Amino acid sequence: LVVYEGDAVESSSNILRASQDRLSLFKNLLWLFVVAAPILTAAAIYVASSRRHAVRRVGIVFAAVAAAVVLVLSRIGPAVGNMVSSPEARQAAETVVDAFLSRLQGFGWLLFWLSLVVIVLATFYNQIVAQYRKYRNLTSD
């Protein structure tokens, strides 16, 4: 009974090694982005002439990026399933990819909703502060 042929094992091992190398590179680049993005965002807001408008624009950009990430990730899952020819391997590949992509999509949705909150707060900042001052003056009397 032949379970695997030598060439098939070597070929799949090379593919797996290359995939792991690319995943490791992606992970390192993701950490670089996670560190650099807040620093660069804060620097852009700090040097802006109108910080409130800069915060709103940053929120819009982050919301657009998050929406694009969620859209792209929703297309990747089915594409991976179509790339695998073996039905047994397809199910395994889809399970692994879905687990990985669901976490990334969750992060994308979180970023999207937080960006919308930032946009609303930046847009209505003056009104919120005015209402707070009005409330504080009424309660201090």
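Just so you know, these numbers come straight off a predicted model, no measurement behind them.

Caption draft 1: A look at the packing of aromatic side chains. As enumerated under the stated definition, the model contains two aromatic pairs in all. Ring centres of Trp109 and Phe112 lie 5.8 Å apart, and the angle between their planes is 90°; this geometry places the pair in the edge-to-face category. In this pair, Trp109 and Phe112 are both assigned in helix α3 (residues 87-123), three residues apart and thus about one turn of the helix distant. Ring centres of Phe112 and Trp113 lie 5.3 Å apart, and the angle between their planes is 80°; on these two criteria the pair is classed as edge-to-face.

Caption draft 2: Examining the nonpolar core more closely. Leu73, Val80, Ala93, Val97 and Leu101 form the largest nonpolar core, which has five residues in total. Of all the elements, α3 adds the most residues to this core, at three residues. Here Ala93 is in contact with Val80 and Val84, once residues within four sequence places are set aside.

Caption draft 3: Spotlight on the side chain of Ser115. Structurally, the position occupied by Ser115 is in helix α3. Since its relative accessible area comes to 4%, Ser115 is described here as buried. Discounting chain neighbours no more than four positions away, the residues touching Ser115 are Gly59, Phe62 and Ala63.

Caption draft 4: Here's a closer look at the side chain of Thr41. Relative to the helices and strands, Thr41 is located in helix α1 (residues 6-47). The class for Thr41 is buried, based on a relative accessible area of 17%. Other than its neighbours up to four places away in sequence, Thr41 contacts Val58 and Phe62.

Caption draft 5: Up close: the environment of Ile60. Its location among the elements puts Ile60 in helix α2 (residues 51-83). Take Ile60: its relative accessible area is 46%, and that puts it in the partly exposed class. Once the C-alpha coordinates of Ile60 and Ser115 are considered, the two residues, 55 residues apart in sequence, prove to be 6.8 Å apart.

Caption draft 6: Inspection of the confidence of the model for the chain at higher detail. Of the residues in the chain, 89% reach a pLDDT of 70 or more, and the chain-wide mean stands at 83. Helix α4 (residues 125-140) holds the highest mean pLDDT among the elements of the chain, 88, whereas α1 holds the lowest, 81.

Caption draft 7: Broad picture of α3. Taking 1.5 Å as the rise per residue, α3 with 37 residues should run 54 Å; its terminal C-alpha atoms sit 52 Å apart, in good agreement. Of all the positions in α3, only Ala93, Val97, Leu101, Gly108, Phe112, Ser115, Ile119 and Ala122 are classed as buried.

Rules and cut-offs
- Residues numbered from 1 in each chain as written.
- Predicted model: local features only at pLDDT ≥ 70, side-chain atom pairs only at ≥ 80, totals over all residues.
- Heavy atoms only, no water.
- Phe/Tyr/Trp six-rings, centres within 6.5 Å; stacked < 30°, edge-to-face > 60°.
- Helix = DSSP H or I, 4+ residues; strand = E, 2+ residues; numbered from the N terminus.
- Core = buried A, V, L, I, M, F, W, Y, C linked by side-chain atoms within 4.5 Å.
- Buried < 20%, exposed > 50% of the residue type's maximum accessible area, 1.4 Å probe, protein only.
- Contact = heavy atoms within 4.5 Å.
- pLDDT = per-residue confidence, 0-100.
- Expected span 1.5 Å × (residues − 1).

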